[in-house]
Amino acid sequence: MRGLGLFTAFLSLIMSGPITGLVVAVRSLARQRREGFPASSLPTLNHAVAILLVPLATMWVLSGYPRATLQALERNSAHDARDLSAELILAARDGDATAVTALLRRGAPMNAQGVSGTTALMAAAANGHREIVRTLLQSGADTNVKDESGRTALMTAAANRQAEIVALLAQPKAHVNAKDLEGKTALMLAALAGEPQIVHALLQAGADANAASSQGETALLSASRRGDTEIVRLLVEAGADVNAKNAEGDTALTLARRFNRAETAAILAAQAREKR
């Protein structure tokens, strides 16, 4: 009877793995005890089962099956997270606040990046979805993540003329002077877009009026070229250097005169005289 029980356990270990074998062995021991197997011999039988079980369990672990199972679970989990993050970015882009809230509750990774490195916060910021931006910020979205062009959500909002979004994003944690791959800051992008309200908000948030791109372009140079007198005044009042030159050696005054921006040129000329 004892030999039969051990043989059954051994076969179970080989055919079904150590866990199943252990279950069968325990059941065999219980049955034999009910049938009157001497209790004094049970330790010996337990020891015999252990001798079989330990090396086989070790082989099972070394076979890589448990690791492969865990890896499969991790892959499934990562796949689910990617699906949720993609849905979140689309919902943020489309202004679906209800879907955004539901996806966040389901654990969608809010800082995950999709196509071109876009995050849900960037998608919402670019399209002016204020409530979604607020929801993401309250949930802990990172304002300083950059996309593949090196732009943050704040820079994206500035470039897309989203004044209300800029006001929400220009918070203490935001890097207002961060630069994209071309060396442009949110302030420079706002000047290029011709948005004085955004320029003012960024200056209030600590934006550097003299930050220059990789080509030496500043916000003042861009505004002067466009003839945006309101932006020029804001920048000059914030301490922008009217004598700064770009890579081609042009100053703001030079550009204003070249593009026939008479009012802008007058403001810059007066400022230049004061600096002498």
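Look up: the structure comes first, before these words.
The structure presented is a predicted model; accordingly, all values stated were derived computationally and were not measured.

Participant: What is the right way to look at the packing of helix α10 (residues 186-193) against helix α11 (residues 196-204) in this model?
Facilitator: Packed helices, taken two at a time, are described by their axes: the angle between them and the distance between them. One can describe the packing of α10 onto α11 by two numbers: an axis separation of 8 Å at closest approach and a directional angle of 165°. Considered as vectors, α10 and α11 are oriented roughly antiparallel to each other. In this structure, α10 meets α11 at a crossing whose hand is left-handed. Mapping the contact onto sequence places A186, L187, A190 and A191 in α10 and I198, V199, L202 and L203 in α11.

Participant: Looking at this structure, how should I read the side chain of S85?
Facilitator: Here S85 shows up in helix α4 (residues 65-94). When its relative accessible area of 10% is taken as the criterion, S85 is described as buried. Apart from the residues lying within four places of it in its own chain, the contact partners of S85 are P109 and A112.

Participant: Looking at this structure, how should I read the packing of α11 against helix α13 (residues 229-237)?
Facilitator: Where α11 meets α13, the axes come as close as 9 Å, and the angle between the chain directions of the two elements is 10°. Between α11 and α13, the angle falls in the class roughly parallel. Each of P196, V199, H200 and L203 in α11 lies in contact with α13, whose residues at this interface are E230, I231, L234 and L235. Residue composition of the contact of α11 with α13, by class: six nonpolar, one polar and one charged.

Reading the values: the criteria
- Residues numbered from 1 in each chain as written.
- Predicted model: local features only at pLDDT ≥ 70, side-chain atom pairs only at ≥ 80, totals over all residues.
- Heavy atoms only, no water.
- Axes fitted to C-alpha atoms, helices over the stretch in contact; angles between N-to-C directions.
- Helix = DSSP H or I, 4+ residues; strand = E, 2+ residues; numbered from the N terminus.
- Parallel < 35°, antiparallel > 145°, perpendicular 65-115°, else oblique.
- Left-handed = near helix turned anticlockwise from the far one by under 90°.
- Contact = heavy atoms within 4.5 Å.
- Buried < 20%, exposed > 50% of the residue type's maximum accessible area, 1.4 Å probe, protein only.
- Nonpolar A, V, L, I, M, F, W, Y, C, P; charged D, E, K, R; others polar.

Just distances and angles here, no functional claims.
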